[in-house]
Amino acid sequence: MLKVVVMVSGGGTNLQAIIDSVKDKTITNTQIVGVISNNKNAYALKRAEENGIPSKCISPKDYETREVFNEKLLEAVKGYGPDLVVLAGFLVVIPPAMIAEYRNRMINIHPSLIPSFCGTGYYGLKVHEAALERGVKVVGATVHFVDEGTDTGPIILQKAVEVEQGDVPETLQRRVMEQAEWKILPCAIDLIANGRVKVEENRTVILP
Ligand code: GAR
């Protein structure tokens with residue numbers, strides 16, 4: 001059984017997709033052992049509670065320095081003893097010690113087709129604003145392992161989504177979530193839970 005901790009900052013629709021997929025067995029061999037938010041008002045925390053999943057808020061506002069916050073964050077993650085850490089809209093820079101501890105055991109969902117519209121400053125709605133500004137016709141989402149860079153780790157899954165006439169950032173964000181994020185994030189977790197993802201240098205191989 002793969003023990004998963006999900007880290008969130010906001011609405012938690014990706015967390016919900018994971019919860020639903022465990023329930024309907026789209027994800028097998030997996031248990032969500034904890035949810036961690038940096039934001040006490042995150043609706044994601046409510047989703048955890050409603051589904052009987054233990055949760056914690058570790059906010060930088062509650063600590064004097066970033067170093068202490070980073071330590072507490074890692075402590076909270078380790079406390080759940082996860083095999084896999086899932087960043088599902090977690091908008092905090094991951095401390096280097098946590099990256100080292102969970103190398104190839106921490107994944108992130110990013111709302112673009114990496115390497116487009118990713119890296120520092122590209123998160124949430126900003127990604128979709130930039131895509132519309134550039135006038136691209138195809139966007140999408142990516143699940144990747146987390147390494148020291150921003151959105152640079154080995155890519156596990158990607159899914160493309162078409163831009164439609166008249167899209168605004170909000171409509172595009174919603175379509176990317178519905179058609180890509182809520183599908184490929186659960187799918188990636190299921191692949192990992194069933195031992196089907198191998199990392200070779202900076203690339204992944206999906207085993208049959
Ligand atoms: C999602 O679109 C996710 O891809 C994005 O934040 C949103 C969180 O929504 N993540 C990033 O931009 C990370 N760089 P949710 O809280 O409803 O799952």
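Above this text you will find the structure in question.
Values in this document were obtained by computation on a predicted structure and should not be read as measured data.

A. View of the packing of aromatic side chains. Applying the stated criterion across every chain, the model contains two aromatic pairs. Each ring, one from Tyr63 and one from Phe69, has its centre 6.5 Å from the other, and the planes form 40°; the classification is tilted. Tyr63 gets classed as partly exposed once you look at its relative accessible area, which sits at 24%. When the ring centre of Tyr80 is taken as origin, the NZ or CZ atom of Lys56, which lies over that ring, is 4.8 Å away.

B. Structural detail: helix H3 (residues 66-79). The end-to-end C-alpha distance of H3, which contains 14 residues, comes to 20 Å, matching closely the 20 Å that a straight helix rising 1.5 Å per residue would cover. For H3, the complete set of buried residues consists of Phe69, Asn70, Leu73, Leu74, Ala76 and Val77. Buried positions in H3, seen along its axis, are confined to an arc of 160° and lie on one side of it. Exposed side chains of H3 directed beyond 90 degrees from the buried face belong to Glu67, Glu71, Glu75 and Gly79. Gly81 sits one or two residues past H3 and shows a positive phi near 60°.

C. Up close: the side chain of Thr30. Locating Thr30 in the fold gives a position in strand E2 (residues 30-37). We classify Thr30 as buried; its relative accessible area is 7%. At a separation of 2.9 Å, a polar atom in the side chain of Thr30 contacts the main-chain carbonyl oxygen of Thr28. Apart from the residues lying within four places of it in its own chain, the contact partners of Thr30 are Met1, Leu2, Val4, Val22, Ile189 and Ala193.

D. Inspection of the environment of Ala193 at higher detail. Inspection of the secondary structure assignment puts Ala193 in helix H6 (residues 169-193). Under the relative-accessibility criterion, Ala193 is labelled buried at 11%. C-alpha of Ala193 to C-alpha of Leu2: the two residues are 191 residues apart in sequence and 5.5 Å apart in space. For Ala193, the residues in contact, after removing those within four places along its chain, are Leu2, Thr28, Asn29 and Thr30.

Definitions and cut-offs
Residues numbered from 1 in each chain as written. Predicted model: local features only at pLDDT ≥ 70, side-chain atom pairs only at ≥ 80, totals over all residues. Heavy atoms only, no water. Phe/Tyr/Trp six-rings, centres within 6.5 Å; stacked < 30°, edge-to-face > 60°. Buried < 20%, exposed > 50% of the residue type's maximum accessible area, 1.4 Å probe, protein only. Lys NZ or Arg CZ within 6 Å of the ring centre and 35° of its normal. Helix = DSSP H or I, 4+ residues; strand = E, 2+ residues; numbered from the N terminus. Expected span 1.5 Å × (residues − 1). Arc of directions from axis to C-beta. Polar contact = N/O pair within 3.5 Å; in protein donor to acceptor, adjacent residues only side chain to side chain. Contact = heavy atoms within 4.5 Å.

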